[in-house]
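# Residue-level structural notes
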Amino acid sequence: MTENPAATNDVAASLRARINTGQPHTARIWNYWLGGKDNYEVDRAAGDQIRQLHPGIGEYARADRLFLGRAVRHLVSEVGIRQFLDIGTGLPTADNTHEVAQRVAPESRIVYVDNDPLVLAHARALLTSTPEGRTDYLDEDLRNVDAIVEHAAKTLDFSEPIALILLGVVIFIGDQEDPYGLVRQLTDRLPAGSHLVLSHTITSPSMPDVDEAVRFWNEHGTPKLTQRTPEDVTRFFDGLELLEPGVVSCSRWRPEDTAQGEPEEVAMFGGVARKN
């Protein structure tokens, strides 16, 4: 199970003890950039400093959220997926996975997984559901594959296709922890017809300010980030059938048609792939 301290009888007190308000945390900064209210002054200060180093950083959060919506709508409407395992959920905002999926198919089932105590404190917002569908929340770490699958199987049918969502979470798995093997362990548990939706911050010579912002974060924030090249991100989909347009800037994965033309590229790349 998790390495989190054991919960006390007073759940609220236990959660408060696990929330470090003196150090910026990536989930809370992400929430701040998305316009949420579930963050602290230390997060807003760090978020503003990162934005000074890389003014476009806030667009990553929005691009990633819009990518989630487009990917989920495609999987529900075009592929027929009705089950979602969303690991590294983050703080609830608008258009969470269950809201997007159940808007199209009310019978959809979603299991959220995160080990951030602030996310757990707001889990009620994630546990709303249509009468026909179901949502569940697991306080667990991405690294604990067996525990995640065992709990998720109480809500999801692992004999039917499942969409595994890993948005902006594998960046917290260092190279020494075998991130590719970890993702493979998860996809190996899924039946044929399942899909992987994954996004990841990239490093690129064309975006040096991103590297500077990440260096600042790793000096001051938690948890630490590991950047990877677009080619490295594509490796997470090895053995799967990548859907067009492949691994690209999240803003450019099947964007809505607009008069402005192709969206600006952001340093958050993502893709969707099918397990055959």
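Predicted, not measured: the structure shown is a model, and the values here were computed from it.

This part is about the packing of aromatic side chains. To describe a pair of aromatic rings, one takes the distance between the centres and the angle between the planes. Enumeration over the complete set of coordinates arrives at two aromatic pairs. Where phenylalanine 67 meets tryptophan 253, the ring centres are 5.6 Å apart and the plane angle is 75 degrees; that geometry is what we call edge-to-face. Taken together, the residues phenylalanine 67 in helix α4 (residues 57–79) and tryptophan 253 in the loop between β7 (248–249) and β8 (268–274) connect sequence positions 186 residues apart. The same class applies to phenylalanine 67 as to tryptophan 253, namely buried. Lying over the aromatic face of tyrosine 180, arginine 235 brings its terminal NZ or CZ to 3.8 Å of the ring centre.

If you check helix α3 (residues 41–53), its first and last C-alpha atoms are 19 Å apart, about what 13 residues at 1.5 Å a residue would give, namely 18 Å. Looking at α3, one finds that the buried residues are Asp43, Ala46, Gly47 and Ile50. Buried residues of α3 fall within an arc of 105 degrees about the axis and therefore sit on the same side. Among the exposed residues of α3, those pointing more than 90 degrees away from its buried face are Glu41 and Gln52.

On to the pairing of strand β4 (residues 163–167), then. In terms of burial, β4 is a largely internal element, five of the five residues being buried. On β4, burial covers both faces: Ala163, Ile165 and Leu167 on one face and Leu164 and Leu166 on the other are all buried. Here β4 runs beside strand β5 (residues 195–201); their pairing, made up of five bridges, is parallel. Within β5, the position partnered with leucine 164 by the bridge is leucine 196. A crossover links β4 with its parallel partner β5, the connecting element being helix α9 (residues 179–188), and its sense is right-handed.

Turning next to the packing of helix α2 (residues 26–33) against α3. Relative orientation and spacing of two packed helices are given, respectively, by the angle between their axes and the distance between those axes. Two elements in contact, α2 and α3, have axes separated by 9 Å at closest approach and are oriented at 70 degrees. Comparing the axis directions of α2 and α3 gives the class roughly perpendicular. Facing α2, whose interface residues are Arg28, Ile29, Tyr32 and Trp33, α3 presents Val42, Asp43, Arg44, Ala46, Gly47, Asp48, Ile50 and Arg51. For the contact of α2 with α3, the per-class residue count stands at six nonpolar, one polar and five charged.

Another point: the environment of alanine 63. With respect to the secondary-structure elements, alanine 63 resides in helix α4. Expressed as a C-alpha distance, the spacing of alanine 63 and cysteine 250, which sit 187 residues apart in the sequence, is 5.8 Å. If we skip the residues at most four places from it in the chain, alanine 63 touches Cys250, Ser251 and Val266.

Going through the model one piece at a time under the given rule, you end up with nine salt bridges. Glutamate 256 serves as the salt-bridge partner of arginine 73, at 3.8 Å between the closest nitrogen and oxygen. Residue arginine 73 is located in helix α4, and its partner glutamate 256 is located in the loop between β7 and β8; the two are separated by 183 residues in the primary sequence. The exposure class of glutamate 256 is exposed, given its relative accessible area of 53%. In this structure, the salt-bridge partner of arginine 103 is aspartate 95, at a minimum N-O distance of 2.8 Å. You can call arginine 103 exposed: its relative accessible area is 54%. What makes aspartate 95 partly exposed here is its relative accessible area of 34%.

Reading the values: the criteria
- Residues numbered from 1 in each chain as written.
- Predicted model: local features only at pLDDT ≥ 70, side-chain atom pairs only at ≥ 80, totals over all residues.
- Heavy atoms only, no water.
- Phe/Tyr/Trp six-rings, centres within 6.5 Å; stacked < 30°, edge-to-face > 60°.
- Helix = DSSP H or I, 4+ residues; strand = E, 2+ residues; numbered from the N terminus.
- Buried < 20%, exposed > 50% of the residue type's maximum accessible area, 1.4 Å probe, protein only.
- Lys NZ or Arg CZ within 6 Å of the ring centre and 35° of its normal.
- Expected span 1.5 Å × (residues − 1).
- Arc of directions from axis to C-beta.
- Pairing = 2+ DSSP bridges.
- Right-handed = clockwise from strand over helix to strand, strands pointing away.
- Axes fitted to C-alpha atoms, helices over the stretch in contact; angles between N-to-C directions.
- Parallel < 35°, antiparallel > 145°, perpendicular 65-115°, else oblique.
- Contact = heavy atoms within 4.5 Å.
- Nonpolar A, V, L, I, M, F, W, Y, C, P; charged D, E, K, R; others polar.
- Salt bridge = Lys/Arg side-chain N within 4 Å of Asp/Glu carboxyl O.

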